[in-house]
Amino acid sequence: MTDHAAQAAHGDAEGSHDFVIIEHGVHHVDASRKQIWRVFFVMLFITVLEFIIALTPGIRRNELHPTGLIPNDVVVIIFLGLTVLKAFYIVGYFMHLKMERINMIYTVLLPLLFIMYLITLLVIEGTGSFR
Amino acid sequence: MSSEATVLKNSVWNGGRVPLGVSYGKMMMWFFLLSDAFTFSTLLVSYGYFRITAQPGWVSPEKVFEGIPWIEGVKAPLVFVGFMTFVLIFSSVTMVLAVEAGHHMNQKRVKNFMLLTIFGGIIFLSCQALEWTNLIIKEGMTMNYNPFLAVIPGGNPQGLHASILFGQLFFTITGFHGFHVLSGVVINIIMYIKTGRGDFQRRGHYEMIEKVGLYWHFVDLVWVFVFTLFYLI
């Protein structure tokens, strides 16, 4: 983390006509490769967890399995939470957004509020258009 | 007065430096991906809308995706799609490793990891083709017919509409995503050839690999959502 901060500061000091300096400055081979595999195993673990929840009989309660332990709505919320967590790891580490400048992070993330707005509206509207 | 001028001079937005800290090409790739995220979100949100609307008459994904292509009579829900998910996540990892090798100007490593990424994409596409063939030809699920009707106590009056909608949304969204994977594979092959010719070595940096990588991770990102919404929930 401090490496990246130092890198950004380095880039600022250089002035920035040559942003290649920011992008291709000092990198530590072992640390970043280790982090890539760490993120991979975290995502693999989340996916396996999702499979366990989805496939173990007796966990989920729905029309097919009326005797399940956890109500379907709760399971859906857990799945969505795990998905957002995976999305965080992909965008943050694989797409490197977490290490970009804060301006860049806001530029990418703030427009997603419109999607949140769309989801909210359609979830409210989505009860009863077949009825 | 002078202190104000100093503040202005040091502002990131005052010219003379890159406010977002990324190059033009990378920024534009992010903006393209943002617009693509909106396209996919409209598709996925409309899926969610119809699904909420049709509750509880919606098709159970456990029933639709329980077969494995080539293997008869086995009921193993999600196993095949689980393999597809693993392949796509793994190809994302090889893509990151290619980008990382590019930072070290290691042409051979970039080439190898790009090749692995391309293979991952091709395996994923083949699996999707098998899955579609299995659903369309063997199970008979098409854009206007769906054999998987949800069985619920007291009958399922909206079931027919809901199940046909399921097929339409499934083929539209996974098809649109599959087309993205196909474009990604084509772009990756172009970058593989350019890496092999030493174009990026001569240019002095491998930023093109990073841009292609952004696109490839985005495809993976969309699949994470498609996987959860269609197969798990």
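Our structure's up above, just so we're on the same page.
Residues numbered from 1 in each chain as written. Chains lettered and ligands numbered in written order. Predicted model: local features only at pLDDT ≥ 70, side-chain atom pairs only at ≥ 80, totals over all residues.

**Student:** Let's hear about helix H6 (residues 112-125) of chain A: which residues, and what values?
**Tutor:** Its 14 residues place the ends of H6 of chain A 20 Å apart at the C-alpha level, agreeing with the 20 Å of an ideal helix rising 1.5 Å per residue. Among the 14 residues in H6 of chain A, zero count as buried, and that is only a small part of the element. (Helix = DSSP H or I, 4+ residues; strand = E, 2+ residues; numbered from the N terminus. Expected span 1.5 Å × (residues − 1). Buried ≥ 20, exposed ≤ 12 C-beta atoms within 10 Å, placed from the backbone.)

**Student:** Quick one: what's the story with the nonpolar core, residue by residue and with numbers?
**Tutor:** The nonpolar side chains of soluble globular proteins are, as a tendency, buried together. By size, the foremost hydrophobic cluster in this structure holds 69 residues, and its most contacted members are Ala98, Tyr215, Val226 and Phe227 of chain B. Sorting the residues of this core by element identifies helix H3 (29-55) and helix H4 (72-94) of chain A together with helix H2 (24-54), helix H4 (79-103), helix H5 (107-139), helix H6 (159-197) and helix H8 (207-232) of chain B as the ones contributing at least two each. No other element matches the 18 residues that H8 of chain B contributes to this core. Ignoring anything within four residues of it in the chain, the contact list for Tyr215 of chain B reads Met29, Leu33, Gly184 and Ile187 of chain B. (Core = buried A, V, L, I, M, F, W, Y, C linked by C-beta atoms within 7 Å. Contact = placed C-beta atoms within 7 Å.)

**Student:** Account for the interface of chain A and chain B, with residues named and values stated.
**Tutor:** If you look at the interface, chain A gives 50 residues, while chain B gives 48 residues. Going through the elements one at a time, helix H1 (2-13), helix H2 (20-23), H3, H4, helix H5 (102-109) and H6 of chain A are the ones with two or more residues in the side of chain A that touches chain B. The leading source of residues in the side of chain A that touches chain B is H3 of chain A, at 11 residues. Class assignment of the residues belonging to the side of chain A that touches chain B gives a composition of 29 nonpolar, 14 polar and seven charged. (Nonpolar A, V, L, I, M, F, W, Y, C, P; charged D, E, K, R; others polar.)

**Student:** Can you tell me about the packing of H4 of chain A against H8 of chain B, naming the residues and giving the values?
**Tutor:** Taken N-terminus to C-terminus, the directions of H4 of chain A and H8 of chain B make an angle of 175°; their axes are 10 Å apart at the nearest point. When the interaxial angle is binned, H4 of chain A and H8 of chain B end up roughly antiparallel. Counting all contacts with H4 of chain A, which are made through Phe79, Leu80, Thr83, Lys86, Ala87, Ile90, Val91 and Phe94 of chain A, the residues of H8 of chain B involved are His217, Asp220, Leu221, Val224, Phe225, Thr228 and Leu232 of chain B. A per-class count over the contact of H4 of chain A with H8 of chain B returns 10 nonpolar, three polar and two charged. (Axes fitted to C-alpha atoms, helices over the stretch in contact; angles between N-to-C directions. Parallel < 35°, antiparallel > 145°, perpendicular 65-115°, else oblique.)

**Student:** With reference to specific residues and values, describe the environment of Phe40 of chain A.
**Tutor:** The topology assignment puts Phe40 of chain A in helix H3. The spacing of Phe40 of chain A and Phe94 of chain A is 54 residues in sequence and 9.4 Å in space, taken between C-alpha atoms.

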